[in-house]
Amino acid sequence: MELTALFIVAYFVLLAVALRKRQRKVHGPWLFLLRAFFPNWQFFHGLGPAPRLWVRAQNTHGTWSLWHPVYPRLPRQTSQLLHNPAVNLALSHQNLVEHLATDIHDLADDGDIAQCVSYQLVARLARDAVQGGGWGATPLVKDPSWTDPTRFQFEVRLLHLGRESDEQLLLSPALPL
Amino acid sequence: MSLALELPLAIRAFEILLGWSLLLQTWEYLRLPALDRVGSWAIQRVEVPSPWVRPILDRLFLPKPYAAMLGLRGALALALMLGQAGLGIALLLFALALLLLMRWRGAFNGGSDFMTLVGLTGLLLAHVLGLFTEPASAWHVALWYVTVQSLSSYFVSGWVKLMRPEWRSGRALTVFLDHGVYGPLPENSIYRWPRLAMLCSWCFTLWEGLFPLALLDARLAAVFCAIAAVFHFLVFWFFGLNRFFWAWLSTFPAILYCASV
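Residues numbered from 1 in each chain as written. Chains lettered and ligands numbered in written order. Predicted model: local features only at pLDDT ≥ 70, side-chain atom pairs only at ≥ 80, totals over all residues.

A. Seen up close, the overall build of chain A. When you go through chain A residue by residue, the secondary structure sums to four helices and seven strands. Starting at the N terminus and ending at the C terminus, chain A contains elements arranged as α-α-β-β-α-α-β-β-β-β-β. For 177 residues, the compact-globule estimate of 2.2 N^0.38 gives 16 Å, and the C-alpha radius of gyration of chain A, at 20 Å, exceeds that figure by more than 25%. Overall, chain A is about 75 × 50 × 35 Å in size when its C-alpha atoms are taken along their principal axes. Within the span of chain A, comprising 177 residues, buried residues form 30% of the whole. Partitioning the intrachain contacts of chain A with sequence separation of at least 6 by distance along the chain shows that 60% fall at a separation of at least 24. (Helix = DSSP H or I, 4+ residues; strand = E, 2+ residues; numbered from the N terminus. Rg over C-alpha atoms; globule rule 2.2 N^0.38 Å. Buried ≥ 20, exposed ≤ 12 C-beta atoms within 10 Å, placed from the backbone. Contact = placed C-beta atoms within 7 Å.)

And the structure:
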């Protein structure tokens, strides 16, 4: 029993020491798909820049609308503790935007972000937002300022949490709907 | 009063809670195809590096086989809750979890998928080791595996917060709550009070960081787990993470058992 206790103490001490060291990121396609086997358990750990998706649309006269955020904000119900598909889907979409931001950061100098899966999926999310899609009954864009859109454009901005200022990370070309 | 958890009861509680968590997840997965207009396997498939795995997944993720796969997962989760899971069911549940990870680019719901995999790995470990040794010894190892992973999750989460000035000041708590899926916080929310935010931050940070102490005594473990249940409910309440609540709850019988031996 004492030996077990010793191992446990040693394990958590090593874990604490490892957390203080600068951690090296390991990349790989299988590692990405099977990252659940290597959880880092660091949730909400710091106020870093947070990627946010914005969309705008162009009407038949060629006029662009204002930019609108696509960010999950849904009404709460206690029953969602048991069944919450719309919110979990919305969170997975926001996660997608965060993956795109990571892919932009990691992109090789001669790389094309449009070839990335995350870019293509975020483009679908932006298109759906302009076409009036929703997370369940909640629209992806609240009070959109466009009518009869024919083309759309999306932007990924890095929001500096706590300071509420942002900077542009990516601006897509104008895309047909 | 003794709160020690005997092995048979710990196994049953673990199986029921893990099965329940899987069942709720499966129910949500079944609803998603009707809600999601973004995910597209035709686009995602290029991320699978192996050219011979891709066509297999192409077939499995067609609408009908995918729905059948989820139906099977639901039935297996029910069997687990009823105490009918052997090695075959443990293997199938583990394999289905891997397929779902592939379908959702490595994770659908982040940490809850990771903790679900921990539970399923524990279940598989118990049944595989059970082929070579006494079932009780196999389950002992499996529950320790689940416990160490669960305690690590709290420990790491607590200590990374402790190292961040924005958490020590409480500012991070207000900002994250403000950006939660059910947010923003009302202008007059008590979580905007800097002193209260700091107090809450320190309470949760220390509780998380000290969670391994739960192993010292079953009563202490019960207190840590009870606080954890409240914590996960609050995480659901503010961030909508219902799956986290059930995934972590399913590890508590393992923690209580390990604190009892």
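There's plenty left to go through after this.
B. Focus on the interface of chain B and chain A. Each partner contributes to the interface: chain B provides 51 residues, whereas chain A provides 50 residues. Counting only elements with at least two residues in the side of chain B that touches chain A, the list comes to helix 1 (7-35), helix 2 (41-44), helix 5 (87-103), helix 6 (111-129), helix 7 (135-162), helix 9 (171-178) and helix 12 (242-249) of chain B. At eight residues, helix 7 of chain B tops the list of elements feeding residues into the side of chain B that touches chain A. Its residues assigned to classes, the side of chain B that touches chain A shows 27 nonpolar, 13 polar and eleven charged. (Nonpolar A, V, L, I, M, F, W, Y, C, P; charged D, E, K, R; others polar.)

C. Representation of the environment of P69 of chain A in the model. Residues and elements named next belong to chain A. Mapping P69 onto the fold places it in strand 2 (residues 68-70). Classification of P69 by C-beta neighbours within 10 Å gives partly exposed; the count is 16. Separated by 60 residues in sequence, P69 and A129 have C-alpha atoms that sit 9.6 Å apart. Not counting residues up to four positions away in its chain, the partners in contact with P69 are R52 and W54.

D. Representation of the confidence of the model for chain B in the model. Here chain B shows a mean pLDDT of 95. Residues at 70 or above account for 99%. As scored by the predictor, the complex reaches a pTM of 0.94 and an ipTM of 0.94. (pLDDT = per-residue confidence, 0-100.)

E. Structural view of the pairing of strand 1 (residues 49-59) of chain A. Residue and element names in this part refer to chain A. In terms of burial, strand 1 is largely enclosed, as nine of its eleven residues are buried. Bridging between strand 1 and strand 5 (residues 149-160) involves eleven bridges; their strand directions are antiparallel. Bridge pairing links A57 to F152 in strand 5. Two strands pair when backbone bridges link them, and strand 1 and strand 2 are joined in this way by three bridges, in the antiparallel orientation. Following the sheet pairing, L53 is matched in strand 2 by V70. (Pairing = 2+ DSSP bridges.)

F. How the structure looks around the pairing of strand 5 of chain A. Residue and element names in this part refer to chain A. Where strand 5 lies against strand 7 (residues 175-176), two bridges are found, and the strand directions are antiparallel. The partner of F152 across the bridge, within strand 7, is L175. Direction of pairing for strand 5 relative to strand 6 (residues 165-171): antiparallel, over a ladder of six bridges. The partner of V156 across the bridge, within strand 6, is L170. The hairpin formed by strand 5 and strand 6 contains four residues between the paired strands, and G162 there has a positive phi angle of roughly 90°.

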